[in-house]
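A structural walkthrough
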Amino acid sequence: MGMIQLTVNGATHNVDVEPRRLLVHVLREDLGLTGTHIGCDTTQCGACTVHMDGLAVKSCTVLACLADGAEIKTIEGVSEDGQLHPLQKAFQTNHGLQCGFCTPGMIMSAVDLVQRNPNPSEETVRHELEGNLCRCTGYHNIVKAVMAGAQAMRG
């Protein structure tokens, strides 16, 4: 066991972890942030996507000890002042979800994309979200939501 320190959604946490423990398990089990979903444990589905030091990562493949000192943002930390993030609103407005299981990972990936590319093309959105699987929507409304959210973020 070893102590690590994480800043998660702006709050600092000290967590005692085994060297083999995954970041997704620390977030869900130790910190109670269950919006980060576990879908595959093999980096295939993207449901566990969070931001680590500003970049989207699949937390099911990040050893918690390697996140020591990192700043982590989960879906719970995306909204500000009780207001949904523009991409969260866009997913809601554009019916970009059905069961909602993939939605947190999709939104975290989309936020990362739009921060890097404020005006993505539809082709870019489709390419960037290839690492996030949805079994319900067929992706059309997800892409539409990301495009609308990007536009809202641009103002």
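Look a little higher up for the structure.
Here we summarise the structure given alongside this text.

Parameters and conventions
- Note that residues are indexed from 1 along each chain, following the sequence as it is written.
- pLDDT decides what is reported in this predicted model: residues at 70 or higher carry local features, side-chain atom pairs at 80 or more are listed and counted, and totals for whole chains, interfaces and linings draw on all residues regardless.
- Heavy atoms from the whole structure form the basis of all side-chain values; hydrogens and water molecules are not counted.
- Throughout, disulfides are identified as pairs of cysteine sulfur atoms within 2.5 Å of each other.
- Accessible area is worked out with a 1.4 Å probe on protein chains only. A residue is then buried under 20% of its type maximum, exposed over 50%, and partly exposed in between.
- Helix axes are fitted to C-alpha atoms over the stretch in contact, other axes to C-alpha atoms as well, and angles between N-to-C directions run from 0 to 180 degrees.
- Working definition: helices are DSSP H or I runs of at least four residues, strands are E runs of at least two. Numbering for both runs from the N terminus.
- Small angles under 35 degrees read as roughly parallel and large ones over 145 as roughly antiparallel, with 65 to 115 read as roughly perpendicular and the rest as oblique.
- Here is the rule for handedness: rotate from the far helix to the near one, and if that takes an anticlockwise turn smaller than a right angle the crossing is left-handed, while a clockwise turn gives right-handed.
- Contacts are assigned to residue pairs with any non-hydrogen atoms lying within 4.5 Å of each other.
- By the convention used here, strands pair only if DSSP detects at least 2 bridges between them.
- To estimate how far a helix should reach, multiply one less than its number of residues by 1.5 Å.
- We count a salt bridge whenever a side-chain nitrogen from Lys or Arg sits within 4 Å of a carboxyl oxygen from Asp or Glu.

Details of the state of the cysteines
Overall, the coordinates contain zero disulfides when judged by the stated rule. Here Cys-48 is not cross-linked by a disulfide; its sulfur's nearest cysteine counterpart is in Cys-60, at 3.7 Å. Cysteine Cys-134 shares no disulfide, and the gap to the nearest cysteine sulfur, in Cys-102, comes to 3.8 Å. Accessibility expressed as a relative area gives 11% for Cys-134, which makes it buried.

Focus on the packing of helix α2 (residues 86–93) against helix α3 (residues 103–116)
As a packed pair, α2 and α3 sit with axes 10 Å apart at the nearest point and diverge in direction by 125 degrees. Considering their axes alone, α2 and α3 lie oblique with respect to each other. In terms of crossing hand, the pair formed by α2 and α3 is right-handed. Taken together, the residues of α3 that come into contact with α2 (itself represented by Leu-87, Gln-88 and Phe-91) are Thr-103, Met-106, Ile-107, Ala-110, Val-111 and Val-114.

Considerations on the sheet that holds strand β3 (residues 49–52)
Taken together, the five strands give an open sheet; going across it, the order is β2-β1-β5-β3-β4, and neighbouring strands pair in mixed fashion. Edge strands, defined here as strands with exactly one partner in the open sheet, are β2 (11–17) and β4 (55–58). On average, each strand axis in the sheet is inclined to that of its neighbour by 40 degrees, with strand direction left out of account. Of the pairings in the sheet, the one linking β3 to β4 comprises four bridges and is antiparallel in character. Within β4, the residue paired with Thr-49 across the bridge is Lys-58.

Focus: α3
Look at α3: 20 Å from first C-alpha to last across 14 residues, which is about the 20 Å you get at 1.5 Å a residue. With respect to burial, α3 is a largely interior element, twelve of its 14 residues being buried.

Considering the pattern of salt bridges
Under the definition given, this model contains six salt bridges. Of the charged contacts, one joins Asp-112 and Arg-116 as a salt bridge, the two residues approaching to 3.1 Å between their closest N and O atoms. Linking Asp-112 with Arg-116, this pair stays in helix α3, spanning four residues, or about one helical turn. The class of Arg-116 is partly exposed, set by a relative accessible area of 46%. The network of salt bridges with common partners includes Arg-21, Glu-29 and Asp-30.

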